[in-house]
Amino acid sequence: MQHPINHNFFTAIPQHGAVYWLYVFATVAAGIGVLALLQIIPTRYRKATIALFTFLGGLYYVAEFFLPTEKGTSVNALTEYQPFVGTLSQVIGAFTVGLGVISLVGMHTRSVVRQRAQWGYSACLIVAFLVMTVFHLLDSYYGDHVIIGQGGILRAAITNHDVYNFLFKGGLNSLESAMFALIGFFIISASYRAFRIRSFEASLLMISALVVMLGQVTLGTWLTGGLPTDGPYANFRFENMAQYILLNINTPAQRAVAFGIALGTLATSLRLWLSLERGFYFDQES
Amino acid sequence: MNNSFWHRAQNINPKILYVIAMVVIAVPLLNPRTTLPISPNSQTKKAFDAVESAVKANPNQLVILDCQWSASTRGENQFQTEAIMEHLMRLHAKFALMGFVPQSRILSQKIADRLAPKYGYRYGIDYINWGFKPAFEQTLKGMAVDIPGTLKEDATHKPLVSFPIMRDVKNFKDVSLIVEVTPSSTLDSWLGLVQGINHTPVVYAPTAVMAPEGYPFLDSGQISGIITGVAGAGDYEALLKTKGSATQVATSLSAVYALIIFLIIIGNVGYYASRAAERKGFAE
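All values reported here derive from a predicted model rather than from experimental measurement.

Enquirer: Residues and numbers for the overall build of chain B, please.
Expert: Within chain B, the regular secondary structure consists of 11 helices and 6 strands. Overall size of chain B, expressed as C-alpha extent along the three principal axes, is 85 × 40 × 30 Å. Residue burial in chain B is summarised as follows: out of 284 residues, 53% are buried. Of the contacts formed within chain B by residues at least 6 apart in sequence, a portion of 74% connects residues at least 24 apart.

Enquirer: Can you break down the interface of chain B and chain A residue by residue, with the values?
Expert: Across the boundary between the two partners, chain B contributes 56 residues, which contact 49 residues of chain A. For the side of chain B that touches chain A, the secondary structure elements donating two or more residues are helix H2 (14–30), helix H4 (74–90), helix H6 (136–143), helix H7 (147–151), helix H9 (215–219), helix H10 (229–239) and helix H11 (245–283) of chain B. Its residues assigned to classes, the side of chain B that touches chain A comprises 29 nonpolar, 19 polar and 8 charged.

Enquirer: Hey, could you go over the sheet that holds strand S5 (residues 202–206) of chain B for me, with residue numbers and the actual values?
Expert: Residue and element names in this part refer to chain B. The strand order across the open sheet formed by 6 strands is S3-S2-S1-S4-S5-S6, and the pairing between neighbours is parallel. In this open sheet, the two edge strands, each paired with only one partner strand, are strand S3 (127–132) and strand S6 (225–226). The sheet contact formed by strand S4 (residues 175–182) and S5 spans 5 bridges and is parallel. Counterpart to Glu180 in the pairing with S5 is Tyr204.

Enquirer: I'd like a rundown of the pairing of S5(B), residues and numbers included.
Expert: Residue and element names in this part refer to chain B. Within S5, 5 of the 5 residues are buried, leaving the element largely enclosed by the surrounding structure. The alternating pattern of S5 places Val202, Tyr204 and Pro206 on one face and Val203 and Ala205 on the opposite face, and all of these are buried. Crossover S4 to S5 through helix H8 (residues 187–198) is right-handed. Bridge count for S5 against S6 is 2 bridges, and the pairing is parallel. Residue pairing for S6: Tyr204 is matched across the bridge by Ile226.

Enquirer: Explain the packing of helix H3 (residues 42–57) of chain B against H10(B) to me, using residue names and the numbers behind them.
Expert: Residues and elements named next belong to chain B. Two elements in contact, H3 and H10, have axes separated by 9 Å at closest approach and are oriented at 55°. When the axis of H3 is compared with that of H10, the two are oblique. The crossing of H3 and H10 is right-handed. On H10, the residues touching Thr44, Lys45 and Phe48 of H3 are Gly232, Asp235, Tyr236 and Leu239. Here the residues of the contact of H3 with H10 are counted per class, giving 3 nonpolar, 2 polar and 2 charged.

Rules behind the numbers
- Residues numbered from 1 in each chain as written.
- Chains lettered and ligands numbered in written order.
- Predicted model: local features only at pLDDT ≥ 70, side-chain atom pairs only at ≥ 80, totals over all residues.
- Helix = DSSP H or I, 4+ residues; strand = E, 2+ residues; numbered from the N terminus.
- Buried ≥ 20, exposed ≤ 12 C-beta atoms within 10 Å, placed from the backbone.
- Contact = placed C-beta atoms within 7 Å.
- Nonpolar A, V, L, I, M, F, W, Y, C, P; charged D, E, K, R; others polar.
- Pairing = 2+ DSSP bridges.
- Right-handed = clockwise from strand over helix to strand, strands pointing away.
- Axes fitted to C-alpha atoms, helices over the stretch in contact; angles between N-to-C directions.
- Parallel < 35°, antiparallel > 145°, perpendicular 65-115°, else oblique.
- Left-handed = near helix turned anticlockwise from the far one by under 90°.

Given below as structure tokens:
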């Protein structure tokens, strides 16, 4: 059974049209107001304010998690506010993207204006950023309706969507894929150079790596495909050996690593939540 | 300077290796007839069966296909997404695409656009794209209570509640299956915040390098199957009895693995042979 969701300030229904834009502008104005206020107040109060809101933000999730749930349900009194807090996080996330963009463009613009070393890359970044932003926005709001060029040597009119597709598919997608594909070539070269059986441990590592590799691809299945699928000889099929290594050797090791990471995450989260983490930004200012 | 054959065997110029690798990758891709027979592994079979049983048990419930990938890992994740989406469409399952990576909204929609006409799938009725949302874990927490209230609108900025497919969808209790296609460590959040509470089956489709992280959860029954990288996508296509792009790429992958193994053997033989020659030289 779930709590009925009552529509109030915290669980507001989605708005549309002018009211929607009013909400957006009000949120942006409020955000800018809060940031301006944080700039004005003295550093020691600023630190305390941020620490307080960080604590309250974390407290909601901690309380929601630890408070007992109602009998036969997985909800308590705080659960129904999760969409609101989730939306708040999304809004804060959007602000951090905005601040990131301002910082990035500001830094590279200064680099171009002062013609620092390799300022050409900065100019390239700014141009790519602006062009991609403009054409993505045009594509989002005007579809395929803005004609960028026609006539002359062009057989057909070029629309904003064509340019956006060229930039996104031809540019961004291809460059990202190419960057990752290069890693594959590097791995081939690195494994050839690095995998030397110099010790017993290295031998174990290499043999298990080869078995898992072959057990994961069709080549391994094909190589030992002649062996029976059942009985003692089935143990020598690459896919079965790989399965054994992954489930009986890898799994306990992964569990141990996961426990270690979980403990570390818990400690770090507590330090962040209570603003105890060293390097907490305002430590440097005060 | 040692210029013996075995010494050179240990130090092949990387540029030569790159050219050989390029040829080995390209030949199976350019020649569709060169495919090795695929025998799907047990994790992929489990994933396939989990999709079948979840959809058949709850045909009116929604399947969430969470695409957490961008163009950088599309060499693996695109084929996984494509194979799973094809399976969902064959089963006439209602599904929602979502992602916490900005590019995934467009990339997953492109796959849906390509497959939808083949199976007569209509946007907003048979499937929907919830688009990109920031703040992954907070959004999941919100969705546990109210999916339309947390996500509010789809990828085209229309209110979620206006789509017929969303009529009976309130929270994760109305979701029959979650498929996580990802190159990142996002599985823990799905398991901790969703699967652990609602016991919704989760199928994990990571890049090959991330797959070992999923095995403890497969062993504990928290995930219902793993589709490992592009090889897993090839296995999935074999289970679908279709020969798509993943089958072709899986053959190419096999050829590259064979090349790597061959190079490792050559390097090691060279290493030991040159050491033996050095020892012999010292002895003399």
